[in-house]
Protein chains: 2
Amino acid sequence: MRTINVGLLGFGTIGTGVVKIFQQNHQLLSQRVGAELKLTQIVDLDITTDRGIAVDKGLLSTDVQSMLTSPEIDIVIELIGGYEPARSFVLQAIRNGKHIVTANKALLALHGDEILPAAEQAGVDVLYEAAVGGGIPAITAIKENLAANRITSVLGILNGTCNYILTRMAEEQASFSAVLADAQKQGYAEADPTFDIEGVDTAHKLALLCSLCFGTHIEFEQIFTEGISKITALDIEFAREFGYKLKLLAIGKHNGDMIEARVHPTMVPENYPLAKIDGVFNAIRLFGDFVGPTMLTGFGAGMDATASAVMGDVVSIARNIQAGIGSRIPPLGCPMSELAQYSVKPMEELVTPYYLRFTAKDQPGVLAQISGILGKHNISIESMIQPHRHEAEAVPIVLMTHDALERDVRNALSEIDELDIIQQESLMIRIEENLD
Amino acid sequence: MRTINVGLLGFGTIGTGVVKIFQQNHQLLSQRVGAELKLTQIVDLDITTDRGIAVDKGLLSTDVQSMLTSPEIDIVIELIGGYEPARSFVLQAIRNGKHIVTANKALLALHGDEILPAAEQAGVDVLYEAAVGGGIPAITAIKENLAANRITSVLGILNGTCNYILTRMAEEQASFSAVLADAQKQGYAEADPTFDIEGVDTAHKLALLCSLCFGTHIEFEQIFTEGISKITALDIEFAREFGYKLKLLAIGKHNGDMIEARVHPTMVPENYPLAKIDGVFNAIRLFGDFVGPTMLTGFGAGMDATASAVMGDVVSIARNIQAGIGSRIPPLGCPMSELAQYSVKPMEELVTPYYLRFTAKDQPGVLAQISGILGKHNISIESMIQPHRHEAEAVPIVLMTHDALERDVRNALSEIDELDIIQQESLMIRIEENLD
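Residues numbered from 1 in each chain as written. Chains lettered and ligands numbered in written order. Predicted model: local features only at pLDDT ≥ 70, side-chain atom pairs only at ≥ 80, totals over all residues. Heavy atoms only, no water.

**Some words on the packing of helix α7 (residues 160-172) of chain B against helix α8 (residues 176-186) of chain B**
Residues and elements named next belong to chain B. Interhelical geometry of α7 versus α8 gives an angle of 125° and a closest axis separation of 9 Å. Taken together, the axis directions place α7 and α8 in an arrangement best described as oblique. The handedness of the crossing between α7 and α8 is right-handed. Packed against α7, whose contacting residues are Tyr164, Ile165, Arg168 and Met169, the element α8 presents Phe176, Val179, Leu180, Asp182, Ala183 and Gln186 at the interface. In the contact of α7 with α8, the residues fall into seven nonpolar, one polar and two charged. (Axes fitted to C-alpha atoms, helices over the stretch in contact; angles between N-to-C directions. Helix = DSSP H or I, 4+ residues; strand = E, 2+ residues; numbered from the N terminus. Parallel < 35°, antiparallel > 145°, perpendicular 65-115°, else oblique. Left-handed = near helix turned anticlockwise from the far one by under 90°. Contact = heavy atoms within 4.5 Å. Nonpolar A, V, L, I, M, F, W, Y, C, P; charged D, E, K, R; others polar.)

**Looking at the interface of chain B and chain A**
Across the boundary between the two partners, chain B contributes 53 residues, which contact 53 residues of chain A. Buried surface at the junction of chain B and chain A, summed over both partners, amounts to about 4,700 Å²; 51% is from carbon and sulfur atoms. Area buried by chain B at its contact with chain A is led by Phe290, Arg319 and Arg328 of chain B, which between them contribute 16% of it. Scanning the region where chain B abuts chain A turns up zero salt bridges. The interface formed by chain B and chain A contains 30 residue pairs in polar contact (both at pLDDT 80 or more). Secondary structure elements with two or more residues in the side of chain B that touches chain A: α1 (13-24), α2 (26-33), α6 (138-145), β12 (292-299) and α12 (303-323) of chain B. Top contributing element to the side of chain B that touches chain A by residue count: α12 of chain B, with 10 residues. Across the side of chain B that touches chain A, the residue classes tally to 24 nonpolar, 17 polar and 12 charged. (Buried area = accessible area lost by both parts, 1.4 Å probe. Salt bridge = Lys/Arg side-chain N within 4 Å of Asp/Glu carboxyl O. Polar contact = N/O pair within 3.5 Å; in protein donor to acceptor, adjacent residues only side chain to side chain.)

**With respect to the packing of helix α4 (residues 86-95) of chain B against helix α5 (residues 105-122) of chain B**
A pair of packed helices is characterised by two quantities: the angle between their axes and the separation of those axes. All names here are of chain B. Following both chains from N to C, one finds α4 and α5 inclined at 10°, their axes separated by 9 Å at the closest point. What the angle tells us is that α4 and α5 run roughly parallel. Contact residues: Ala86, Arg87, Val90, Leu91 and Ile94 in α4; Leu107, His111, Glu114, Ile115, Ala118, Ala119 and Ala122 in α5. Considered class by class, the residues forming the contact of α4 with α5 number nine nonpolar, one polar and two charged.

**Focus: unusual backbone geometry**
Trans is the prevailing form of peptide bonds, just as negative phi is the prevailing case for residues other than glycine. All names here are of chain A. Each neighbour pair has its own omega, and for Glu84 with Pro85 the value is 5°, a cis peptide bond. Inspection of the secondary structure assignment puts Pro85 in the loop between β4 (75-78) and α4 (86-95). Its identity as a non-glycine residue notwithstanding, Gln173 has a phi of 45°, on the positive side. Within the fold, Gln173 resides in the loop between α7 (160-172) and α8 (176-186). Of note in the backbone geometry, Asn378 takes a positive phi value of approximately 65° without being a glycine. Note that Asn378 resides in the loop between α13 (366-376) and β16 (381-385). Judged by its relative accessible area of 61%, Asn378 is exposed. (Buried < 20%, exposed > 50% of the residue type's maximum accessible area, 1.4 Å probe, protein only.)

**Considering the sheet that holds strand β5 (residues 99-102) of chain B**
Residues and elements named next belong to chain B. Taken together, six strands build an open sheet; the order of strands is β3-β2-β1-β4-β5-β6 and the sheet is parallel. Only two strands of the sheet have a single partner each, and these edge strands are β3 (60-61) and β6 (126-127). Alignment of strand β2 (residues 36-43) against β3, held across two bridges, turns out to be parallel. Counterpart to Val43 in the pairing with β3 is Ser61. Contacts from α1 reach β1 (3-9), β2 and β4 (75-78) within the one sheet, and its direction differs from that of β2 by about 150°. (Pairing = 2+ DSSP bridges.)

Structural measurements only, silent on function.
Right, dumping it as structure tokens:
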């Protein structure tokens, strides 16, 4: 039985999960690959901290060059995260003919245009199932099972931290900051949660999904990104009164030569499947011209689920090696040269219903002023709640609009926020009604 | 660009969907394969009926041998269904070095032990994503993404007809026979619905899932199979009162050297993800030792969704051919020679809570007699409903038990059904509480 050698670059949480799988399911892996799958080297700057598992000291090294230049290593698992030095290491490994498995969405979303062509040229694989949706097999499903479909939309709940926070805010009618603080205490949110709560992590993942689903190259910078930090428990409660749930949604749509790619808090009808995904779970809903709607759910993060996805990719590459071939499917599903060029729809041109929350002085005529400005900007109101009088001077006024142009909504809000009666910046949340 | 030739055997509903995909997404397919993917021949006994799509007459033939022996054909799509002549045709095609794509779960569940080794020997692929869960990418997910996991359980709602009937019975409090009749009228149930409603179709699919998930060979005959025809709207209503939903569940579990493989109406807690899958949707929930729970949902049947799955497999094989290799992954995920031998747990040894419905004379002492017999058989009662007095003499008595041994339950029910006070055969429905 031949041996396929794997190098692990980055011995953090997920790396520890990978080592656990090698140890615990070693025989199973070799059986399924038809070759001995061997963890040959682990490189990290820190090789002394106890990770809670027993590791042969001979595997550990701080010398990354010994791995990247080793003629022995067939597959490099990159789990160091971030842009640099991950980018340089991955490019070097590719040039040296090594296949790459990575969970690094930031790297691919920003440097995919450099890394993926390099891999194609070198005839090696870059697999990244773990980069999107953790244990959810979406990338493979898109590349393989849906390959006969023109995918018209991809929607996702892709960040467990945000979904956990929004779920708890809804359940406990608690404030964003209180839930975030508790989530940090419990390990569901990072000490610096910016990437998660501001939607950056979700946008990284959406860039990959859009590129793959639509056969194009979408840059991270092209994605409109708005996080959840301005959401209040009141908004979630109002959403429920209107029959919606509030989710941080990644939305990719393809229509003609135009792509929509946006990440923002979104109200979705409460009976829509994605609305039912709560807590740390992730979900990806795909719509293909033949398959119709398909939804995949699972743990979007966590040591073991992510390590499972990483190792699924390792097995896939190992089977290719065992079959005597290099890359079998290009990283984006079709050759780089055949990727299409699409425009990304400017956010100002979005047409969708909106939820608008104003905070105004509690005095007669307020609604007339607000609705007058909205009408002037071609925004018509579907329903309105002026929920309960606060003891303070300011009261919330909540409106749901019919379909409106985002540019008009922004202009109207700017104008309204200039009014003396408005006590704080108004909030808008986009509503998705036509989700497929 | 080289050409990969595909033969379609069976021009029924799904076959028509396949032809539509070839026509509508032809360029996309070739782009994703890196070769021209060509539908070269369509064989069916009936080549005159109008399928609602324009087909080049030169493609159509009634001569199956011309396809099976053609040196030109690389991939045969088998969509004739049933056991014979599908079995003979598939075996002949394999011997002639052709790859097979099939949606025929009955064929594989009964003759997989003949077909799969033949394919392994010939070095060709037999792919069957469309045989389980229609458009849901479960087979690939198990083979590829979860390959690093020991899968400990697979649960599925695998038959759209049954799920549609149960959903409508619940929504309309309608009888099984009334909903079935209407489902037949609307095309959601076959004229002869036996295979669907008696759980046979679900059991065929579970046989494949168990074999693949657990790396073994489970025969269809080893699967305990009970359908939904005895379920009444009353049972569904009682289930709801106890906090459960009623689903026809396929249940596969692996524990040590023992496999559980069973199909029966099952009460699942209403907040459990599978409980929320309604109508014609299918769902498959997998639990792996690292990935944790993963659930895949989508259309389980239908022309287009199934054709999408078939064509996903065709693309997969075409990519292998393009890469210059035969089969890359054995049909059951590991070589046939390495499949494990497990015992299937006899149904009498199942331990689970039960829902029991008795129909008894409306007279004092009835409950005492029933509970006395249950107690004698070591069955303890968790809760009881004696819902409302009927005008007729017979009243329903509904019990939920604690964990009990199926053998005991069966013996107790036989004894109870002998009592004079019992007016019709008692019903038991198994409850699943520990679903992962």
